[in-house]
Amino acid sequence: MPNKLLDLFHGSPENLQAASVEIKMRPEVQAVVLAAGPGMRMTALTATSPKCLLPLATLPMLAFPLHLLQRAGLEEATVVVAAGEEVRVSKVVEQCGLTINVDSAPVNTSTDPGTADSLRHILHKIKRNVDDVVIVSSDLVTDVKLQDVLDFHRAHGSTLTALTAPLTPPQHQPAPGPRTKPFTSSDVMVTESESGRLVLVVAGGDYDHTLTLPSVRSSKAPLLVSTSLLDAHLYIVKRSILEQCLAKESACQDMGSFKAEILPYIVSRQFQPHNKETGPDEDFESLVSQYNTSVVVSRHHTSASFSAITCYAYKHQGLCVRVNTIPTYWDINRRMYSLIDKVLPGLSEPRRHPSAQIHEKAQVSEDSVVGAGTLVSEKTNITSCVLASHCRVDPMARLSNSVLAHHTAITSGCVVENSLVRASLNHKCVLKNCIVTDSSRIQEGKTYINEILEATPEFV
Amino acid sequence: MAPKVEVHEEPSVLQAVVLTECDIDYGAAITHYNPKVLVPLANTPLLDYTLAWLERCGVDEVIVYCRANPHTDKIKQHCKRFTSRREECGIKVMVVVSEDCLNLGDAMRDLYSKSLLKDDFILLQGDLVATLNLQDIVAKHKENRLSDKSMIMTCVYVNKPLETTAVEGEEGRGKEVTATLVTAADTGKLLLHRRSRNKSSKISIPTELFQASSDLLTYPAAYDPSLAICSEVVPSLFSDNFDYGSRDSLLRGVIEQEELLGYSIRCQVVQEGYACRASTLQQYQRVSGEVMRREAYPMVCESSLTSHRIRYTYDPFTTTYWEPSAKFTKGNGGASEAVVGAGTEVDAGSVIITCNFRGNGGASEAVVGAGTEVDAGAILTASVVGDHCTLADGVIANAAFIMNNVQIKSGCELSHCYIGDDVVLEKGVVVSSGCVVGPGVRLGPDVTIPPGTQLVAHPPHHHAPSTHPHDDFDETARVKEADPSICGSKGKAFILLPEESDQDDDEEEEESSDDGRSSGPDEGDSEDALMMMSDDEHSENEFRREVQESLTNGMRKKSAAENMVLEINASRHAYNVSMEDVLTTVTQGILRAGQTQKQDGSTEPTWPGINTALKCFADVLRNYVRKGRDQLLVLNAIEKLMVDSPEYLPATQKILFNLNQTFEILEGEVIIHWYKKGGAGTTAFTTIKTSIAQFIEWLEKDSEDEDDDDDSDDESS
């Protein structure tokens, strides 16, 4: 008897099989990777390379969100890229050994489109038969299991689920380059402390001296007003609501940013008493009240306690970083040695690529990453560095706590400390806390401290 | 007398301070006869719930703090009875009586000066019914205090939704019940504390709070049982700053001046346990119901909280409690079927059981005290009946709270009301919701008491001595004879008007004016509606009342002149009154203050009283008299006072003489000028003229030979 009961609960193997077949038949989720961002907060690096292709250790940034999607069993992803970068982007997949199919959708970046504009651009690519759309930014590095977030989303019947994580300061400081005080007012997220329901989202800078919370008296749960939560820019949105918001006649048609405008709009719509834009759910409700006159809306039936829209924040306690500033880019690169197993499980490239040639008399510390085809000559000293693929370090060079991009050559005698080098150093020099993107700025025998050595814009 | 408990010098003694003069009252119809904390809730005095809870939570010593009034002895005796049943190891209850305690702040200052508080203590109101786990709360408080020395107080809140907001919203005082809290998520430090004004209001959070803590925990409406764990710093803070009248004002002060004081307050929002204050009658009704429904377990109706013996029989099916000696008689007209059909019963003793088995299922929630006779035809729901009452056939009581020795004859309908001791309701009396029937009242037959009426057995002014008998705006109609149209042909009852109850209840008045005048306008609204005054008049009267209060208090406390001026100016700004009106009001107020002090029984102002008032406030008056014209205003004000209250007339000459000679506020010349011009031209001037003629004559003579005026002072006075 107990066995039979158990069977009832767990389902027989045949049933389970049937269920899994069904999942395969119809994809429930479509993924959109937003990779057209210009990287406005790290212009020193993005001047020469699109942001989504900047290397984190030896891999381009875009590989991380793609791998995240792949881990969750997604077979396809729509990647919004800046026009002209499609080929390079689609190469990322084979270059990194990913199996996910990438459908790159170029957008014209000359008009500086916002994330919402990008989404509008690819709206036609979203299949009509999926339930949810996963929107993920190309600069997300996280060890979250997307499957968990999807399960959370479905279990709560959520309209929109945002991935959040505690905001952690960079471990490796200071970042190279001139000393700046990176003050940006942080986002404010208001959630119900127990359920994680999103009550209010205000992007940093969009609030003044006071924040007004919507009245949510139906629930007794206290509200957590947090400025220390990172909005990871991973959203799972119901396709219907996304289409509503991106439609031409919608109230959001002028909104440019998904995070700063559309997300707060959707969240605030939870508490609007009467929704003019009726979705399919609301249609049903109106039909019920039309044909079933005995339905009397109770006193408790307010939009606050029941509404077609419910938004939640999934609070991830592990690693979650957005690589959108030089300090975070620097920090992630430096930490990649220890993180790579977590954020790219199953895909971790060896920290010393087999094709790398390291001279036996070279001293390379354990926690350094050496990419494919990199050549390290004798009498060099490399401690805690990231050397991307096809770099060349000549004899007598000394590198510490530094990050070298692909195809960077360091000539002999250079001393590089705590610097980000994206161009070959053809002259003997000393770099401390510098960012180098243009080697022509380097002069023989000079010492540079806290500088950005980049190509001078043409108009100067 | 109270048990004089020796305070042992042990550091581990956990003390609790119970304030019996709660900030909100039940109204004079109840509290005139019985102090609020001794009003029985489900036939157990409110104070017992507090004491029993504190005892259970391991509190060693309770300080019951009360103001000196006729009820003090009752409270002392009650506490003595409570402790006399306990052995030496039991809870110790000390009653501390104070002459001039007006609010929580005064109580703290007084206890500080008496240095009765040794360590951390629990501060609560005597009308609290709670089952929270105090030990945990206190332990956490001490732990927090060890880690953060600046933390001086832990406020305890209960996070529960208020389902009955509709009930309490009627009075407008429900706002005291909940608070909006913003705390730091990691420490629980209180960053923002606001009384919720109305239910739908949105919460706005100043973003500067993010500098203090990146994560804020916001409680939109936490129930506030007025419970706090205080460190020894709190009483000293109260005595350092006399502006702190209530706990709210302390919270505000500490939060606003955090940099200055260097103190912080933490919150504990408790999810488990029960806590509710029977602060108003609406809340009283709510708490009664919840106690009957055993939400305050282990404090339940059937067990006595003083002796812990089982006093009532409890029927869990119908949530009814009755004393074994209560009789449920079979009345001739009481068809038990009808009772069963109505789904409620307190039926003939044996019938109760059968009713249950018939499955009528209605939880009637009733408590019936010892020796009470309830006819089978009576229907009780959510009601409490005290000892030795008689409820005849056909009585319908819904949420009625009936005290002891009450006789209710057939056909009476009671709903949501309070019936005091020894009340007799003749046949067919209908008591509507919100009514309070004071002790000894007789009503009926066949009358309907309109909702919200307060009835007392004696004409109001005998037992409710107003502090302002001479207020010209006190338009209370005083009923000398019971009006049969109100209380019925056999009845004896007088209506206690709401504003009357507000005024004689000066504890509440002063509380509200000390509360930063937050509730002042509210009360004003009700007064306004009743007196049908215009807004201007109203605010003027309100201002007058406040100044009068300040002066009366100031005289009692011997406040310094600067403080009085500050207080008066604050009132002036609050009501936007012109300087001239201020001067008039202050002058009259000072003279009235002299009279109120000497008012025992008689309302006549006596010269010694006026003289002390003048002495006391000469500096205050001087502050307002700056020009010659101001002196005229003072004289006119005195004259107008004579119009309203001619009993001052005999003292006029002495008043003027002292203002002129002793205090040198009025110049002789000005008085003579005023006199010659015919004063303010009111009807009283002719009488004043004759009564001060002698003084004027003397003044005129005096101004001729000024050199002698110093000597002649003594002769005339």
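The structure displayed is predicted, hence computed values, not measured ones.

Rules used throughout
Residues numbered from 1 in each chain as written. Chains lettered and ligands numbered in written order. Predicted model: local features only at pLDDT ≥ 70, side-chain atom pairs only at ≥ 80, totals over all residues. Heavy atoms only, no water. Helix = DSSP H or I, 4+ residues; strand = E, 2+ residues; numbered from the N terminus. Buried < 20%, exposed > 50% of the residue type's maximum accessible area, 1.4 Å probe, protein only. Areas by Shrake-Rupley, 256 points an atom, 1.4 Å probe, with all protein chains shown as cover. Axes fitted to C-alpha atoms, helices over the stretch in contact; angles between N-to-C directions. Parallel < 35°, antiparallel > 145°, perpendicular 65-115°, else oblique. Left-handed = near helix turned anticlockwise from the far one by under 90°. Contact = heavy atoms within 4.5 Å. Nonpolar A, V, L, I, M, F, W, Y, C, P; charged D, E, K, R; others polar. Phe/Tyr/Trp six-rings, centres within 6.5 Å; stacked < 30°, edge-to-face > 60°. Lys NZ or Arg CZ within 6 Å of the ring centre and 35° of its normal. Salt bridge = Lys/Arg side-chain N within 4 Å of Asp/Glu carboxyl O. Polar contact = N/O pair within 3.5 Å; in protein donor to acceptor, adjacent residues only side chain to side chain. Pairing = 2+ DSSP bridges.

**Observations concerning the overall build of chain B**
At step 1: Along chain B, the regular secondary structure elements total 27 helices and 32 strands.
At step 2: Burial analysis of chain B (717 residues in total) assigns 58% to the buried set.
At step 3: Entry remark: accessible area of chain B is about 29400 Å², with carbon and sulfur atoms responsible for 49%.

**Some details on the packing of helix α20 (residues 561–575) of chain B against helix α22 (residues 607–624) of chain B**
Helix packing for two helices is described by the angle between their axes and how far apart those axes are.
Residues and elements named next belong to chain B.
At step 1: Running from N to C, α20 and α22 point in directions that differ by 50°, and their axes come no closer than 8 Å. When the axes of α20 and α22 are compared, the pair comes out oblique. Handedness of the crossing formed by α20 with α22: right-handed. Residues Ala561, Met564, Val565, Ile568 and Asn569 of α20 lie in contact with α22, whose contacting residues are Phe617, Asp619, Val620, Asn623 and Tyr624.
At step 2: Here the residues of the contact of α20 with α22 are counted per class, giving 7 nonpolar, 2 polar and 1 charged.

**Observations regarding the packing of aromatic side chains**
At step 1: Evaluation of the coordinates by the stated rule reveals 14 aromatic pairs over all chains.
At step 2: Each ring, one from tyrosine 207 of chain A and one from phenylalanine 210 of chain B, has its centre 6.3 Å from the other, and the planes form 65°; the classification is edge-to-face. Here tyrosine 207 of chain A is found in the loop between β10 (198–202) and β11 (210–213), whereas its partner phenylalanine 210 of chain B is found in helix α7 (residues 209–212) on a different chain. Residues tyrosine 207 of chain A and phenylalanine 210 of chain B agree in their burial class; the two are buried.
At step 3: Of the aromatic side chains, those joined through ring pairs into one cluster are Tyr26, Tyr284, Phe401 and Tyr418 of chain B.
At step 4: Over the ring of tyrosine 314 of chain B we find arginine 294 of chain B; its NZ or CZ atom is 3.8 Å from the centre of that ring.

**Quick word on the interface of chain A and chain B**
At step 1: Listed as interface residues are 20 residues of chain A and, on the opposing side, 25 residues of chain B.
At step 2: The interface formed by chain A and chain B holds 0 salt bridges in total.
At step 3: For the pair chain A and chain B, the interface holds 8 residue pairs in polar contact (both at pLDDT 80 or more).
At step 4: Within the residue set of the side of chain A that touches chain B, elements represented by two or more residues are β11 and β12 (223–226) of chain A.
At step 5: Pairing geometry for β12 of chain A and strand β12 (residues 215–230) of chain B, over 4 bridges, is antiparallel. Bridge pairing in β12 of chain B links leucine 223 of chain A to threonine 218 of chain B.

**Let's talk about the sheet that holds strand β20 (residues 381–383) of chain A**
All names here are of chain A.
At step 1: Read from one edge to the other, the open sheet built from 6 strands follows the order β17-β20-β23-β26-β28-β30, with strand pairing classed as parallel. Strands at the two margins of the open sheet, each flanked by one partner only, are β17 (363–364) and β30 (447–449).
At step 2: Sheet topology places β17 next to β20; 2 bridges connect them, and they run parallel. The partner of glutamine 363 across the bridge, within β20, is asparagine 381.

**Things to note about the pattern of salt bridges**
As a working rule, side chains carrying opposite charge can pair if their charged atoms are close by.
At step 1: Tallied over the entire structure, the rule returns 35 salt bridges over all chains.
At step 2: Of the charged contacts in the structure, one is a salt bridge between lysine 125 of chain A and aspartate 103 of chain A, with a shortest N-O distance of 3.2 Å. Pair noted here: lysine 125 of chain A is in the loop between α6 (115–121) and β6 (132–137) and aspartate 103 of chain A is in strand β5 (residues 101–107), with a separation of 22 residues, a long-range link.
At step 3: For lysine 125 of chain A, a relative accessible area of 26% gives the class partly exposed.
At step 4: The residue aspartate 394 of chain A makes a salt bridge to arginine 392 of chain A at a minimum N-O spacing of 2.9 Å.
At step 5: The exposure class of aspartate 394 of chain A is buried, given its relative accessible area of 13%.
At step 6: Judged by its relative accessible area of 37%, arginine 392 of chain A is partly exposed.
At step 7: By sharing partners, the salt bridges in this structure join Lys409, Glu426, Arg442 and Lys490 of chain B into a single network.

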